[in-house]
Amino acid sequence: MTAELQATTREATLTLLLKQGKTSAANLAAFMEISVQAMRRHLRSLESDGLVESSSISEGPGRPSNLWKLTSEGHNCFNNGNGSEKFALDLLASIEANTSKENMAEILHIQTLEKAINYRAQIGNGDLNVRLQKLIELRKKEGYLAELQLSSDGSSWYLNAFHCSISSIAEEYPIVCDQELQLIRNIFPECDVQRVQWRLESGHGCGFQVNPTKADG
């Protein structure tokens, strides 16, 4: 296998684990259409680099199965590494030290409204599905890894964020997650937007359900 192909497989494996949370080597191999043995070699290599780890589960008689997931270092592979998170953390710590929680929340709320206005200007008007896809593309440029899925009955959309470019900030200041929900609500005011999954509580990502409440405009 060439070095280029190895690098591609390595990146694809990390991305799949980011999206799926925990999964087996067999599932990863089937998705990527390579042998299980080859996938296990990739996983062992990633494990030696500290990017993935496994845990054993028993599913009845026979050998226990291994489920693989990203380590913290593995998640860091998706960060842009430009130091912006540290700057933001230091800034929030300074604000927190010099103002009340209420004032801090108001500052973040104002910033959320400004961001929503900016997003809406870039997304424009028209079909909701198209505007949601445009938001996904804009967020990808900011370091997020997100996907859009239509619900099984076709009545709403699920916006799934597998990697958050401000995850370390959210861990220190969960209030920014509340603003993330408000941001999406302000971008799409004609929709009812609810958080259906929160990485800080459970799961391997954040998910939002976007349900139209009136006609697109």
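Refer to the preceding data block for the structure.
Parameters and conventions
Residue indices begin from 1 for each chain and proceed along its sequence in written order. Note on the predicted model: pLDDT of at least 70 is required for a residue's local features to be given, and 80 or more for side-chain atom pairs to be given and counted; whole-chain, interface and lining totals, by contrast, use all residues. Side-chain descriptors were evaluated using all non-hydrogen atoms of the structure, hydrogens and water having been removed beforehand. Counting from the N terminus, the helices are the DSSP runs of H or I reaching at least four residues and the strands are the DSSP runs of E reaching at least two. The length a helix should cover is 1.5 Å for every residue beyond the first. Burial status follows relative accessibility: with a 1.4 Å probe on protein chains alone, a residue under 20% of its type maximum counts as buried, one over 50% as exposed, and anything between as partly exposed. Here the axes come from fitting lines to C-alpha atoms, over the contacting stretch only for helices, and the angles between their N-to-C directions go from 0 to 180 degrees. Throughout, a crossing is termed right-handed when the near helix is turned clockwise from the far one, and left-handed when it is turned anticlockwise from it by less than a right angle. When checking whether two residues touch, look at their non-hydrogen atoms; a contact exists if any pair is within 4.5 Å. Think of it as three bins: nonpolar holds Ala, Val, Leu, Ile, Met, Phe, Trp, Tyr, Cys and Pro, charged holds Asp, Glu, Lys and Arg, and polar takes everything else, Gly as well. Every case where a carboxyl oxygen of Asp or Glu lies within 4 Å of a side-chain nitrogen of Lys or Arg is listed as a salt bridge.

### Examining helix H6 (residues 101-123)
Inference 1: The first and last C-alpha atoms of H6 sit 32 Å apart over 23 residues, in line with the 33 Å expected at 1.5 Å per residue.
Inference 2: Those residues of H6 lying buried are Met104, Leu108, Thr112, Ala116, Tyr119 and Ile123.
Inference 3: A positive phi of about 75° marks Gly124, the residue just after H6.

### Some points on the packing of H6 against helix H9 (residues 175-187)
Inference 1: The interhelical angle for the contact between H6 and H9, taken along N-to-C directions, is 35°, at an axis separation of 9 Å. The element H6 and its partner H9 pack so that their crossing is right-handed. Contacts between H6 and H9 involve Ala105, Leu108, His109, Thr112, Leu113, Lys115, Ala116, Tyr119, Arg120 and Ile123 on the former and, on the latter, Ile175, Val176, Gln179, Gln182, Leu183, Asn186 and Ile187.
Inference 2: Each residue belonging to the contact of H6 with H9 can be placed in one class, and the counts come to 10 nonpolar, five polar and two charged.

### Re the packing of H6 against helix H7 (residues 128-141)
Inference 1: Running from amino to carboxyl end, H6 crosses H7 at an angle of 115°, the nearest separation of the two axes being 10 Å. Of the two possible hands of crossing, H6 and H7 adopt the one that is right-handed. Contact with H6, carried on its side by Lys115, Tyr119, Gln122 and Ile123, involves Arg131, Lys134, Leu135, Leu138 and Arg139 of H7 and no other residues of that element.
Inference 2: Tallied by class, the residues present in the contact of H6 with H7 amount to four nonpolar, one polar and four charged.

### With respect to unusual backbone geometry
Inference 1: Phi is positive for Glu33, which is not a glycine, with a value near 60°.
Inference 2: Tracing the sequence through the fold places Glu33 in the loop between helix H2 (25-32) and helix H3 (36-48).
Inference 3: Classification of Glu33 by relative accessible area gives exposed; the value is 73%.

### Some remarks on the pattern of salt bridges
Inference 1: Tallied over the full model, the rule gives six salt bridges.
Inference 2: Here Lys69 and Glu53 are joined by a salt bridge, their closest N and O atoms 3.7 Å apart. Of this pair, Lys69 sits in strand E2 (residues 65-70) while Glu53 sits in strand E1 (residues 52-57), and the two are 16 residues apart along the sequence.
Inference 3: Note on Glu53: relative accessible area 34%, which makes it partly exposed.
Inference 4: Note that Arg139 and Glu180 form a salt bridge whose closest N and O atoms lie 2.0 Å from each other. With Arg139 in helix H7 and Glu180 in helix H9, this residue pair connects regions lying 41 residues apart in the sequence.
Inference 5: Exposure remark for Arg139: the relative accessible area of 7% places this residue in the buried category.

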